[in-house]
Amino acid sequence: GEFYESGKPVMVCRKGLRAGGSASACRALTNDGLFTIRELDAGTIGVIPIMSSSRDEATDRFFTIRKTLRACGMVPAKGDDEEAAEVLPDGVGGEYRSTKSLAGGGVIQLQDSQGHKLELRILPAIRRAAVGYTGGGGFLDESDLWPNDPELHVNPAGQVIRDVMKRFTTQPTARLYVFSASYHARSAHSERVDMGDT
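Please read these numbers as outputs of a predicted model, since none were measured by experiment.

Peer 1: Lay out the overall build of the chain with the relevant residues and their values.
Peer 2: Along the backbone of the chain there are five helices and nine strands. Along the chain, helices and strands appear, N-terminal first, in the series α-β-α-β-α-β-β-β-β-β-β-α-β-α. The C-alpha radius of gyration of the chain comes to 16 Å, within 12% of the 16 Å expected for a compact globule of 198 residues. Based on the C-alpha atoms only, the size of the chain along its principal axes is roughly 45 × 30 × 30 Å. With 198 residues in all, the chain has 48% of them scored as buried. Long-range pairs, those at least 24 residues apart, make up 67% of the contacts in the chain between residues at least 6 apart in sequence. Carbon and sulfur atoms form 52% of the exposed surface of the chain, whose accessible area is close to 10,100 Å². The centroid of the 24 positive side-chain charges in the chain is displaced by 3 Å from the centroid of its 26 negative side-chain charges.

This is the structure in structure tokens:
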């Protein structure tokens, strides 16, 4: 609540293990995706990246967001690869289409409350997934666990985070959640904490 009231675009959060932060952020992000007032050209798709520290974590976020959409009253498209398609009645209505990725996570396509096209791209944290789109919000999960040495890794966490943050320059209402449970004193996440952007 304090984050929403602050009007800040980025929430950097350090939380305890098993605190439910990943599930909570997915729910907040689903709310943001559906109801944030945004301006997008008719031909532009707003992309919401949800990046995780591993393929398994990305897949967990994919399932969580689909369940959250069904709890909001959205139905999966016909032929969607749903595992359990119970949809709560009297919700927001609408339809989403999801495609699971072999690399972990997947893509969920839907329309927001104003009719803008959105894609929630749920995948492991890599640089090529952080460029080339108009951002409509985002979630960087367990970013403290992302490798951050630019000399040893092709996808250093600090660069991935900076690249994702550039996607929101034309969308002042977009929110980005940067969460982690563990604490490493020299990580991209701790750098964000040290900046005071918490």
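On we go from here.
Peer 1: Report on the packing of helix α2 (residues 21-35) against helix α3 (residues 55-71), specifying residues and quantitative values.
Peer 2: In a pair of packed helices, the angle between the axes and the distance between the axes together describe the arrangement. Relative orientation of the contacting elements α2 and α3 amounts to 50°, with a least axis distance of 9 Å. Put simply, α2 runs oblique to α3. Two packed elements cross with a definite hand, and for α2 against α3 that hand is right-handed. Taking contact as the criterion, the partners of Ser22, Ala23, Cys26, Arg27, Thr30 and Leu34 in α2 are, on α3, Arg61, Thr64, Ile65, Thr68 and Leu69. Across the contact of α2 with α3, the residue classes break down as five nonpolar, four polar and two charged.

Peer 1: Got a sec to walk through the pairing of strand β6 (residues 117-124)? Specific residues and values, please.
Peer 2: Most of β6 sits out of view: six of its eight residues are buried. Summarising the sheet, strand β2 (residues 46-52) and β6 pair through seven bridges and their orientation is parallel. Bridging across to β6, glycine 46 finds its partner in leucine 118. As judged from the six bridges shared by strand β5 (residues 106-111) and β6, these two strands associate in the antiparallel manner. If you follow isoleucine 108 over to β6, its bridge partner there is leucine 120. Between β5 and the antiparallel strand that follows it, β6, lie five residues; glycine 115 among them carries a positive phi value of about 90°.

Peer 1: Outline the confidence of the model for the chain, listing residues and values.
Peer 2: Close inspection of predicted coordinates is inappropriate for parts of the model with low pLDDT. Looking at the chain, pLDDT values average 86 and 95% of them are 70 or higher. Across the chain, element-level confidence peaks in β5 with a mean pLDDT of 95 and bottoms out in helix α5 (residues 188-194) with 81.

Peer 1: Give me the lowdown on α2, citing residues and values where you can.
Peer 2: Note that an α-helix has 3.6 residues per turn; residues three or four places apart therefore point the same way. Taking 1.5 Å of rise per residue, the 15 residues of α2 would be expected to cover 21 Å, and the 21 Å separating its terminal C-alpha atoms lies within 8% of that figure. Those residues of α2 lying buried are Gly21, Ser22, Ala25, Cys26, Ala28, Leu29, Thr30, Asp32, Gly33 and Leu34.

Peer 1: Can you explain the side chain of aspartate 141? Please cite residues and give values.
Peer 2: Looking at the element boundaries, aspartate 141 is found in the loop between β8 (138-140) and α4 (157-166). A polar contact of 2.8 Å, which involves the side chain of aspartate 141, links it to the side chain of serine 22. Those residues in contact with aspartate 141 that lie beyond four places of it in its chain are Ser22, Met51, Ser52, Ser53, Glu57, Arg61, Trp146 and Phe179.

Peer 1: So, the pattern of salt bridges: which residues are in play, and what are the values?
Peer 2: Pairing is possible between side chains that carry opposite charge, provided their charged atoms lie close to one another. Summed over the entire model, instances satisfying the criterion amount to five salt bridges. The residue aspartate 32 makes a salt bridge to arginine 175 at a minimum N-O spacing of 3.0 Å. Here arginine 175 lies in the loop between α4 and β9 (176-180) and aspartate 32 lies in helix α2, a separation of 143 residues in the sequence. Aspartate 32 gets classed as buried once you look at its relative accessible area, which sits at 2%. Salt bridges here are not isolated pairs; linked through shared partners, they connect Glu57, Arg61 and Asp141.

Peer 1: So what's going on with unusual backbone geometry? Which residues, and what values?
Peer 2: Unlike most non-glycine residues, aspartate 90 shows phi in positive territory, near 60°. Along the polypeptide, aspartate 90 turns up in the loop between β3 (75-76) and β4 (95-100). At glutamate 142, a residue that is not glycine, the phi angle is positive and equals roughly 50°. Assignment of secondary structure puts glutamate 142 in the loop between β8 and α4. Taking the relative accessible area as the measure of exposure, glutamate 142 reaches 12% and is therefore buried.

Rules used throughout
- Residues numbered from 1 in each chain as written.
- Predicted model: local features only at pLDDT ≥ 70, side-chain atom pairs only at ≥ 80, totals over all residues.
- Heavy atoms only, no water.
- Helix = DSSP H or I, 4+ residues; strand = E, 2+ residues; numbered from the N terminus.
- Rg over C-alpha atoms; globule rule 2.2 N^0.38 Å.
- Buried < 20%, exposed > 50% of the residue type's maximum accessible area, 1.4 Å probe, protein only.
- Contact = heavy atoms within 4.5 Å.
- Areas by Shrake-Rupley, 256 points an atom, 1.4 Å probe, with all protein chains shown as cover.
- Lys, Arg positive; Asp, Glu negative; His and termini not counted.
- Charge placed at Lys NZ, Arg CZ, Asp CG, Glu CD.
- Axes fitted to C-alpha atoms, helices over the stretch in contact; angles between N-to-C directions.
- Parallel < 35°, antiparallel > 145°, perpendicular 65-115°, else oblique.
- Left-handed = near helix turned anticlockwise from the far one by under 90°.
- Nonpolar A, V, L, I, M, F, W, Y, C, P; charged D, E, K, R; others polar.
- Pairing = 2+ DSSP bridges.
- pLDDT = per-residue confidence, 0-100.
- Expected span 1.5 Å × (residues − 1).
- Polar contact = N/O pair within 3.5 Å; in protein donor to acceptor, adjacent residues only side chain to side chain.
- Salt bridge = Lys/Arg side-chain N within 4 Å of Asp/Glu carboxyl O.

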